[in-house]
Amino acid sequence: TSPLTFRKLAGCTLFITGASRGIGKAIALKAAKDGANIVIAAKTAEPHPTLPGTIYTAAAEIEAAGGKALPCIVNVREEQQIINAVEKAVKTFGGIDILVNNASAISLTGTLETETKKVNLMMDVNVRGTYLTSKTCLPHLRKSRNPHILNLSPPMNMNPMWFKNHCAYTISKYGMSMCVLGMAEEFRGEVAVNALWPKTAIHTAAMDMLGGSGIEKQCRKTDILADAAYCILTKPKSFTGNFIIDEVLLREEGVKDFDVYAIAPG
C-alpha cells in the first residue's frame, strides 16, 4: 500500500501562517484529508482585489476536505496577533503539534530599486515573523508527541548569484533558514525543525503577479510542496535540521511521475 493511505495526521493540530491561499493552503488541504485540525493564521479576512481567497473560504475548503478549521486573523508582523491565535488554537484543539512558517513577502528587486518599506516588510514577515511564531508555538510543541516546525525557506547557498539580483529578499529568506539551523540544534530531541523549498517555480497568485501572463507554463502545482511537506511532517522528530528540496525528497520516497505536478505537461 502507498505510504499515504494511512491517516497519519488525524487529530493533529497544524498552525499554518499564510494558509488562506497558495502553498500554505495546499499543505493545509493535504493534512485535512487525514482529519487534521488546521489553524489558518493569515491576514486576509476581506476579499482582496487581486488575490483569491480569505481565511474563511480556506476554512470552508479545509472542512470540506475532512479537517477541522480555525480561521484566525494574523499579520505575523504583529506579535500580539500571533499570541492571540496560538492561545485560541490551544483552547480550541488542546495543543499544537505542527507549525508551518509559510507566510512570506517577496520583492525580487535590486538594492537601489527596493524601497525601504519593502525591505522592512520582507525582514518583518520572513525573518521576524517566522522567529516570533516559532517562539510562541514552541512551549506547546514541546508537549506534543511528534512536534514539527517546517519553514518554507531555501538551503543556504553562499554563491553570490543568489544574492546579486535581489539581495534584500535573499537575506530575509536565509534568515528563515537560519532559524531552522539554530532551532533544530537548540531543540534537538524535543522538536523537529526543517526547511522545505521547491526545485522549480510554483504556480500561485503571487507568481502570476511577479511573472506575468504565461509564467505558469514554467511552473509546477502547489501539490508537489503539499506532498513533500506531508512526508516531512509524518516523520519522527529525530528527522531534524534538514534543508529539503521537494523533488529530491519525493524521488527518495518512490515518486517517479513528476508530470502530474506540471501545469503544462512535458
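Residues numbered from 1 in each chain as written. Predicted model: local features only at pLDDT ≥ 70, side-chain atom pairs only at ≥ 80, totals over all residues. Heavy atoms only, no water.

As recorded by an unreviewed UniProt entry, the protein carries the name Hydroxysteroid dehydrogenase-like protein 2 and is attributed to Pluvianellus socialis. Taken directly from UniProt, the Sequence similarities (unreviewed entry) text for the protein runs: "Belongs to the short-chain dehydrogenases/reductases (SDR) family." (UniProt positions renumbered as here; feature names shortened; annotations may be inferred.)

Undergrad: Help me out: how do you make sense of the pairing of strand S5 (residues 148–151) in this one?
TA: The two faces of a sheet get side chains in turn, since along a regular strand they alternate between them. In S5, alternate side chains face the same way, and those of His-148 and Leu-150 on one face and Ile-149 and Asn-151 on the other are all buried. Relative to S5, strand S4 (residues 98–101) runs parallel, the two being bridged by four bridges. Residue pairing in the sheet places Val-100 in a bridge with Leu-150 of S5. The β-α-β motif built from S4, the intervening helix H4 (residues 116–141) and the parallel element S5 has right-handed crossover chirality. Pairing analysis gives four bridges linking S5 to strand S6 (residues 192–197), with the strands arranged parallel. Along S6, the bridge assignment pairs Ile-149 with Val-193. Once the chain exits S5 it traverses helix H5 (residues 167–186) before rejoining the sheet at S6, and the crossover so formed is right-handed. (Buried < 20%, exposed > 50% of the residue type's maximum accessible area, 1.4 Å probe, protein only. Helix = DSSP H or I, 4+ residues; strand = E, 2+ residues; numbered from the N terminus. Pairing = 2+ DSSP bridges. Right-handed = clockwise from strand over helix to strand, strands pointing away.)

Undergrad: Could you clarify how one ought to interpret the nonpolar core in this entry?
TA: For soluble globular proteins, nonpolar side chains are generally found buried alongside one another. Grouped together as the largest cluster of nonpolar side chains are 39 residues, with contacts concentrated most on Leu-14, Ile-16, Ile-38, Ile-40, Ile-62 and Leu-196. Looking at this core, the elements with two or more residues in it are strand S1 (13–17), helix H1 (22–32), strand S2 (37–42), helix H2 (55–64), S4, helix H7 (223–233) and helix H8 (246–252). (Core = buried A, V, L, I, M, F, W, Y, C linked by side-chain atoms within 4.5 Å.)

Undergrad: Is there a simple way to think about the environment of Thr-240 in this case?
TA: Inspection of the secondary structure puts Thr-240 in the loop between H7 and strand S9 (243–245). When the C-alpha atoms of Thr-240 and Ala-65 are compared, they prove to be 29 Å apart, with 175 residues separating the residues in sequence. Apart from residues no more than four positions distant in its own chain, Thr-240 is found in contact with Ala-184, Arg-188, Val-191, Ala-192, Val-193 and Asn-194. Of the polar contacts made by the side chain of Thr-240, one reaches the backbone nitrogen of Val-193; its length is 2.8 Å. (Contact = heavy atoms within 4.5 Å. Polar contact = N/O pair within 3.5 Å; in protein donor to acceptor, adjacent residues only side chain to side chain.)

Undergrad: Explain the sheet that holds strand S3 (residues 68–73) here, please?
TA: The strands that make up a sheet pair up through hydrogen bonds in the backbone, lying either parallel or antiparallel. The strand order across the open sheet built from seven strands is S3-S2-S1-S4-S5-S6-S9, with neighbouring strands paired in parallel fashion. The sheet is open, and its two edges are formed by S3 and S9, each paired on a single side. Within this sheet the neighbouring strands show an average axis-to-axis angle of 20 degrees, counted without direction. Across five bridges, S1 lies against S2 in parallel orientation. Opposite Ile-16, over in S2, you have Ile-40 as the bridge partner. Sheet strands in contact with H1 are S1, S2 and S4, and its direction is about 170 degrees off that of S1. Across the sheet, H2 lies against S2 and S3, angled at about 170 degrees from S3, the strand it touches most. (Axes fitted to C-alpha atoms, helices over the stretch in contact; angles between N-to-C directions.)

Undergrad: Honestly, the pattern of salt bridges in this entry has me stumped. Any pointers?
TA: Taken as a whole and assessed by the stated rule, the structure comprises nine salt bridges. For Asp-124, the salt bridge goes to Arg-77, with nearest N and O atoms at 3.1 Å. Of the two residues, Asp-124 sits in helix H4 while Arg-77 sits in the loop between S3 and helix H3 (79–93), which places them 47 residues apart along the sequence. Relative accessible area serves as the criterion here: at 29%, Arg-77 is assigned to the partly exposed category. (Salt bridge = Lys/Arg side-chain N within 4 Å of Asp/Glu carboxyl O.)

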